[in-house]
Amino acid sequence: MQNWSSPSLRTKLLSSLVLITAGLTCATLFFVRDTTRGQLQLQVEEDARNALLTFQVTQQQRQTVLAHKADLLATLAFMRNGNATTIEEVSRDPWQSEECDLFALANSHGKITALHARSPEPAISAAEELLRRTFSRRATQAWWVNGRTVYQVALQPFYEDAPFDNKLLGTVVVGREIDVARAADLSRILSSQVAFRSQGAVVLSTVSGAQERDLSQQIGKGAVPAKIQLADERYFTTTIDLAPDVSLTVLKSYDAATAFLNQLNQLLLGLGFVAVLAGGTLVFVISDTFTRPLANLAEGVRALEGGDFAYPLQARGGDEVAQVTRAFESMRSTLQSNDQQKQQLEEQLRQSQKMDALGRLAGGVAHDFNNLLTVIKGNTDLLLESLDPADIGHARCWQIQKVADRAAALTRQLLAFSRSQVLQPKVLDFNELVAEMSKLLRRLVREDVEFLLRLGEALGRVKADPGQIEQVLLNLTVNACDAMPKGGRLTIESYNAVIAEDTPSGYPPIEPGKYVVLAVSDTGHGMDETTKARIFEPFFTTKEQGKGTGLGLATVYGVVKQSGGFIRLESAPESGTRFEIYLPHVEEKVDDVDTIRRW
């Protein structure tokens with residue numbers, strides 16, 4: 001006997017695969033975490049810039065309103081020859097003072113003759129100084145700072161000899177106050193913290209007191225850095241100059257945006273541990289399954305060398321692959337091809353072919369069986385809704401529905417087994433299919449909805465999966481009923497249509513040719529252009545949450561496209577909706593469609 005002190009193949013395989021699994025898992029988790037962190041930082045910076053753009057748009061809108069108010073007030077002041085009582089009257093008029101918190105009237109020399117503000121008024125001398133600075137810049141709009149209050153103002157001069165504007169009579173100032181409350185509102189709108197600065201000092205902000213002090217100490221009168229640490233929180237900042245001595249800084253918190261990253265790290269660590277544990281268990285099972293037979297085979301080979309064919313095989317020793325190699329070297333001159341292995345391979349091939357055929361059969365049966373279950377479940381749902389829970393028929397219908405659910409679960413298992421869902425297009429008599437389906441549809445429609453069926457004569461034939469077409473009819477009917485909550489009229493039509501080469505450009509892009517058209521129209525609330533543009537998108541729905549998945553019309557669109565057809569939609573608010581489905585006309589003979597449901 002040789003000394004089998006070296007580690008066994010199973011030990012080597014188990015150790016190697018566990019280490020590889022742990023390494024790859026950790027590397028993947030770290031990569032995901034770092035990538036997520038980087039993406040979050042980019043998103044924070046993009047959100048901060050977007051918040052600044054939002055503020056600029058809002059600021060421009062406010063400035064337009066203030067300019068309009070200032071122009072009206074200047075006209076009124078001109079009509080009253082600059083009378084100071086104008087400001088007092090306007091400030092008390094809710095219609096004229098709407099959106100305005102500051103009113104001032106200055107004479108031709110820049111002296112304030114009337115001043116009114118909702119919050120504590122700035123001193124007249126301070127207001128005159130602010131007005132003088134604004135005049136020096138020849139600006140008609142400005143930002144004024146009074147203590148911890150910021151004003152967005154508009155100036156409008158008025159003249160004695162309008163429209164020549166040669167003699168200045170005075171100037172009207174209208175402003176909108178931004179105090180702590182409005183700064184907080186602005187912070188909520190921008191989803192960011194904001195800070196107003198004047199001459200390098202923070203005059204108004206939404207950050208905490210400690211963070212505001214840190215902000216003032218770090219920036220002084222200099223520029224605000226793009227990234228800043230305030231107390232224990234990191235921010236990305238963007239700044240805009242509102243006036244030569246007034247600026248707004250938007251601070252987007254990195255920590256708030258990445259708060260869930262710590263939770264993600266913990267989750268990733270847990271997932272990593274579970275992955276390594278599961279991988280180790282799987283590797284152990286695999287190694288035990290594949291390496292133990294090799295060890296047993298090595299023991300059997302050694303027994304065979306001694307002529308003992310009945311030697312019991314046991315998993316002992318070290319490197320099984322080395323043992324098999326040495327045994328093969330001693331036996332290859334005496335052993336012939338293994339007939340038993342050949343028989344096993346042939347048996348495996350036959351089994352594989354059998355399972356493949358069974359899978360195809362299961363897919364076909366499950367597809368047709370699923371269509372039958374749709375009928376059973378639809379009718380039982382309708383019966384359950386119409387029967388009193390105390391009625392014995394209600395309990396029986398519930399039992400039918402329960403069995404149908406179990407059958408549906410079996411169908412899903414068959415489809416999963418076959419890994420496909422069978423599509424069976426057939427040449428159909430469209431009128432026969434619609435007429436049969438209408439028996440179910442009449443029961444689906446509420447009593448307050450009038451159901452009309454208009455089938456065209458000498459209708460052409462189409463090639464499509466009857467089950468899919470039934471699903472299209474069902475989805476369109478349910479949507480039409482939902483669009484008429486107060487009742488109305490549902491009409492289903494069929495007719496032949498020919499699309500010529502010279503069809504008007506306003507028509508939908510349908511290829512020229514002969515078609516059979518299925519039209520479903522209702523008198524419901526209709527759709528606007530925005531809804532019509534997205535109506536076929538998956539998961540888009542106009543219904544309340546929990547009342548629609550947004551897959552009905554997406555399914556209709558997919559079925560029609562797979563059948564080589566087209567959809568035309570006509571709808572307008574309060575004018576109803578009409579869906580027209582164009583399926584290509586075929587000249588083939590109608591198939592014997594046993595799969596068409598007999599409702």
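Fair warning: this is a prediction, and the values are worked out from it, not measured in the lab.

Reading the values: the criteria
- Residues numbered from 1 in each chain as written.
- Predicted model: local features only at pLDDT ≥ 70, side-chain atom pairs only at ≥ 80, totals over all residues.
- Heavy atoms only, no water.
- Helix = DSSP H or I, 4+ residues; strand = E, 2+ residues; numbered from the N terminus.
- Buried < 20%, exposed > 50% of the residue type's maximum accessible area, 1.4 Å probe, protein only.
- Contact = heavy atoms within 4.5 Å.
- Areas by Shrake-Rupley, 256 points an atom, 1.4 Å probe, with all protein chains shown as cover.
- pLDDT = per-residue confidence, 0-100.
- Pairing = 2+ DSSP bridges.
- Axes fitted to C-alpha atoms, helices over the stretch in contact; angles between N-to-C directions.
- Phe/Tyr/Trp six-rings, centres within 6.5 Å; stacked < 30°, edge-to-face > 60°.
- Patch = residues over 30% accessible without salt bridge, like charges linked within 9 Å, V, L, I, M, F, W, Y side chains within 5 Å.
- Salt bridge = Lys/Arg side-chain N within 4 Å of Asp/Glu carboxyl O.
- Left-handed = near helix turned anticlockwise from the far one by under 90°.
- Nonpolar A, V, L, I, M, F, W, Y, C, P; charged D, E, K, R; others polar.

S.K.: Help me understand the overall build of the protein chain, please; the structure alone is not making it clear to me.
M.R.: Across its full length, the protein chain holds 14 helices and 17 strands. Here the protein chain holds 599 residues, and the buried ones make up 39% of them. Sequence separation of 24 or more characterises 64% of the internal contacts of the protein chain that already satisfy a separation of 6 or more. For the protein chain, the accessible area works out to roughly 34400 Å², and carbon and sulfur atoms hold 55% of it.

S.K.: What exactly am I supposed to notice about the confidence of the model for the protein chain here?
M.R.: Interpreting fine coordinate detail is not advised for predicted regions of low pLDDT. For the protein chain, the mean per-residue pLDDT works out to 75, and 71% of the residues sit at or above 70. Contacts from residues 1-5, a stretch scored under 50 in pLDDT, to residues over four places away or in other chains number 6 contacts. Considering only residues more than four positions removed or in separate chains, one finds that residues 307-317, a stretch of pLDDT under 50, has 19 contacts.

S.K.: What is the right way to read the sheet that holds strand β5 (residues 168-178) from this model?
M.R.: Across a sheet, paired strands are connected by hydrogen bonds in the backbone, their directions being either parallel or antiparallel. Taking strand neighbours across the sheet as the criterion, the 5 strands line up as β2-β1-β5-β4-β3 in an open arrangement whose pairing is antiparallel. Each edge of the open sheet carries a strand with a single partner, namely β2 (112-117) and β3 (141-146). Strand-to-strand twist of the sheet, defined as the mean angle between neighbouring strand axes without regard to direction, takes the value 20°. Looking at chain direction, β3 and strand β4 (residues 149-159) are connected through 6 bridges and run antiparallel. What sits directly across from Gln141, in β4, is Ala154.

S.K.: Can you help me understand the environment of Leu569 in this one?
M.R.: Along the chain, Leu569 turns up in strand β16 (residues 566-571). Given the relative accessible area of 18%, Leu569 is considered buried. Leu569 sits 10 residues away from Phe579 along the chain, and the two C-alpha atoms are 4.8 Å apart. Discounting residues that sit within four places of it in the chain, Leu569 has contacts with Met527, Lys532, Ile535, Thr577, Arg578 and Phe579.

S.K.: Even after reading the chapter, I still don't get unusual backbone geometry, so can you show me in this structure?
M.R.: Peptide bonds are mostly trans, and most non-glycine residues show a negative phi. In this structure, Arg138 takes a positive phi of about 55° despite not being glycine. Of note, Arg138 is situated in the loop between α3 (124-136) and β3. According to the relative accessible area criterion, Arg138 is exposed, its value standing at 79%. Residue Ser191 is not a glycine yet carries a positive backbone phi of 55°. On the secondary structure map, Ser191 appears in the loop between α4 (180-190) and β6 (193-198).

S.K.: Teacher, can you tell me more about the sheet that holds strand β14 (residues 488-499) here?
M.R.: The strand order across the open sheet built from 5 strands is β12-β14-β15-β17-β16, with neighbouring strands paired in mixed fashion. A strand with exactly one partner marks an edge of an open sheet, and here the two such strands are β12 (449-455) and β16. Put simply, the sheet's adjacent strands are angled 15° from each other on average, direction ignored. Pairing of β12 with β14, which is carried by 7 bridges, proceeds in the parallel orientation. In the sheet register, Leu453 faces β14, and the bridge partner there is Ile492. Helix-sheet contacts for helix α14 (residues 552-562) involve β16 and β17 (577-584), and the interaxial angle to β16 is about 140°.

S.K.: Explain the packing of aromatic side chains to me, please; I cannot follow it from the model alone.
M.R.: The geometry of an aromatic ring pair is captured by the separation of the ring centres together with the interplanar angle, meaning the angle of the planes. For the coordinates displayed, the defined rule picks out 4 aromatic pairs. Ring pairs connect the aromatic residues Phe55, Trp143 and Phe196, which therefore count as one cluster.

S.K.: Hey, could you run me through a nonpolar patch on the surface in this one?
M.R.: Where nonpolar side chains cluster on the molecular surface, the patch consists of Phe273, Val274 and Leu277 and spans about 330 Å² of accessible area. Relative to the elements of secondary structure, Phe273 occurs in helix α7 (residues 259-305).

S.K.: What is the right way to look at the packing of helix α12 (residues 466-482) against α14 in this model?
M.R.: A packed helix pair is summarised by two numbers, namely the angle formed by the two axes and the spacing between the axes. Across the interface, α12 lies against α14 with an axial gap of 9 Å and an inter-helix angle of 145°. Pair α12 / α14 crosses with left-handed handedness. Residues Gln468, Gln471, Val472, Asn475, Leu476 and Asn479 of α12 form the contact with α14, whose own contacting residues are Gly552, Leu553, Thr555, Val556 and Val559. When its residues are assigned to classes, the contact of α12 with α14 shows 5 nonpolar, 6 polar and no charged.

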